[in-house]
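Overview (structure and organization)
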2 protein chains.
Amino acid sequence: MGEVKHILLAKFKDDVSQEQIDLLIKGYANLVNHVEPMKSFRWGKDVSVENLHQGFTHVFESSFETTEGIATYISHPAHVEFADSFLAQLDKVLVVDYKPTAVEP
Amino acid sequence: MGEVKHILLAKFKDDVSQEQIDLLIKGYANLVNHVEPMKSFRWGKDVSVENLHQGFTHVFESSFETTEGIATYISHPAHVEFADSFLAQLDKVLVVDYKPTAVEP
């Protein structure tokens, strides 16, 4: 079984309250219950100290078994509806997908 | 035991060859053998299709047990030496650290 990680970096608009952010995170997490190929969801606030975060404050990671699963996710009605309201609250967004690979010594 | 993820997004300069990239990735992975608090390293090329990757082409993820461990890593001589040569080959770099948190339903 493979794994493909879907990482979204976000900066919320200044007028988005903590309560709204909490609700958006719950809504994001809830996609796992609606989109079959989405296998897991975790998130965290940026705590880096190198000052290379380019203003992004939140990291959202989800995992899929295939890149086709991510395509299914992107076009899934539950995701489309969530993404519309989520992206409208963001100042900045960046998304990368990758297949985590270890390096043999 | 906690976990803190250290995610680096990179875009290599156009004149950096695939052989050089392979060597840099091995050098990055090899830091696990020199920096005690660095617990794991994986990487992957960006395969996203949403066109929100902002030009970043490679993702490097490492994990630590504490944010103090990341601070130790950043100032470790093996990392400083590697980072000097690695960063010189990059057009763009972005780093975020976060503690992955699940959302209770």
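Data block above holds the structure.
My aim in this report is to walk through the structure given alongside it, one point at a time. Within each chain, residues carry numbers counting from 1 in the order of the written sequence. To read the labels, note that chains go from A and ligands from 1, taken in the order they are written. For this predicted model, a pLDDT threshold of at least 70 governs which residues receive local features, and a threshold of 80 or more governs which side-chain atom pairs are given and counted, while totals over whole chains, interfaces and linings are taken from all residues. As a convention, hydrogens and water are excluded, and side-chain values are obtained from all of the structure's heavy atoms.

1. Some points on the overall build of chain A
Segments assigned H or I by DSSP are reported as helices when at least four residues long, segments assigned E as strands when at least two residues long, and all are numbered from the N terminus. Counting its regular elements, chain A contains three helices and four strands. The order of helices and strands in chain A, counted from the N terminus, is β-α-β-β-α-α-β. A globule of 105 residues ought to have a C-alpha radius of gyration of about 13 Å, and chain A, at 14 Å, matches this closely. Summarising its shape, the C-alpha atoms of chain A cover approximately 45 × 40 × 15 Å along the three principal directions. Working definition: with a 1.4 Å probe on protein chains only, accessible area under 20% of the residue-type maximum means buried, over 50% means exposed, and in between means partly exposed. Counting over 105 residues, chain A shows a buried share of 46%. Whether two residues are in contact is decided by their heavy atoms, any of which lying within 4.5 Å being enough. Partitioning the intrachain contacts of chain A with sequence separation of at least 6 by distance along the chain shows that 75% fall at a separation of at least 24. Accessible surface area values rest on a Shrake-Rupley calculation with a 1.4 Å probe, where residue burial reflects the displayed protein chains alone. Surface exposure of chain A reaches about 5200 Å², of which carbon and sulfur atoms provide 52%. Positive and negative side-chain charges of chain A, numbering 9 and 16 respectively, have mean locations separated by a distance of 2 Å. Every radius of gyration here is taken over C-alpha atoms, with the globule rule written as 2.2 Å times N^0.38, N being the number of residues. Within this scheme the basic residues Lys and Arg register as positive and the acidic residues Asp and Glu register as negative, but His and the chain ends are omitted. A charged residue contributes its charge at one atom only: NZ of Lys, CZ of Arg, CG of Asp or CD of Glu.

2. Re the packing of helix H1 (residues 18-30) of chain B against helix H3 (residues 77-88) of chain B
All names here are of chain B. Lines are fitted to the C-alpha atoms to define the axes, a helix being fitted only along its stretch in contact, and any angle between axes, read from their N-to-C directions, falls within 0 to 180 degrees. At a minimum axis separation of 10 Å, H1 and H3 run at an interaxial angle of 155°. Taken together, the axis directions place H1 and H3 in an arrangement best described as roughly antiparallel. Every pair of crossing elements has a handedness; the one defined by H1 and H3 is left-handed. Between H1 and H3, the residues in contact are Leu 24, Gly 27 and Tyr 28 and Phe 82, Ser 85 and Phe 86, respectively. Side-chain classes are defined by residue name, with Ala, Val, Leu, Ile, Met, Phe, Trp, Tyr, Cys and Pro counting as nonpolar, Asp, Glu, Lys and Arg as charged, and the others, Gly among them, as polar. Tallied by class, residues from the contact of H1 with H3 come to four nonpolar, two polar and no charged. Here the word oblique covers every angle except those under 35 degrees (roughly parallel), over 145 (roughly antiparallel) and from 65 to 115 (roughly perpendicular). Each crossing gets its handedness from the near helix: less than a right angle anticlockwise from the far helix is left-handed, clockwise is right-handed.

3. Some remarks on the relation of the copies chain B and chain A
In superposing the copies, a least-squares fit is computed on C-alpha atoms, taking residues whose pLDDT is at least 70 in both. Between chain B and chain A, which share one sequence, the superposing operator has a rotation angle of 180° and an axial displacement of 0.0 Å; the RMSD is 0.0 Å. Such values leave the two copies arranged in the relation of a two-fold axis. For chain B, the smallest separation between a C-alpha atom and the rotation axis is recorded for B:Ile7, amounting to 4.8 Å. Of the residues that chain B buries at the interface, 100% are likewise interface residues in chain A, meaning the two copies contact each other through the same surface.

4. Notes on the sheet that holds strand S4 (residues 90-98) of chain B
Residues and elements named next belong to chain B. Pairing is antiparallel across the open sheet formed by four strands, whose spatial order is S2-S3-S1-S4. Each edge of the sheet is formed by a strand with only one pairing partner; in this case those strands are strand S2 (40-45) and S4. Averaged over all neighbouring strand pairs, the angle between strand axes comes to 15°, with direction disregarded. Two elements, strand S1 (residues 4-12) and strand S3 (residues 58-64), share seven bridges in a ladder whose sense is antiparallel. Residue pairing for S3: Val 4 is matched across the bridge by Phe 64. Where H3 meets the sheet, it contacts S1, S3 and S4, and its direction lies at approximately 130° from that of S4. In this description, strands pair whenever DSSP reports at least two bridges between them.

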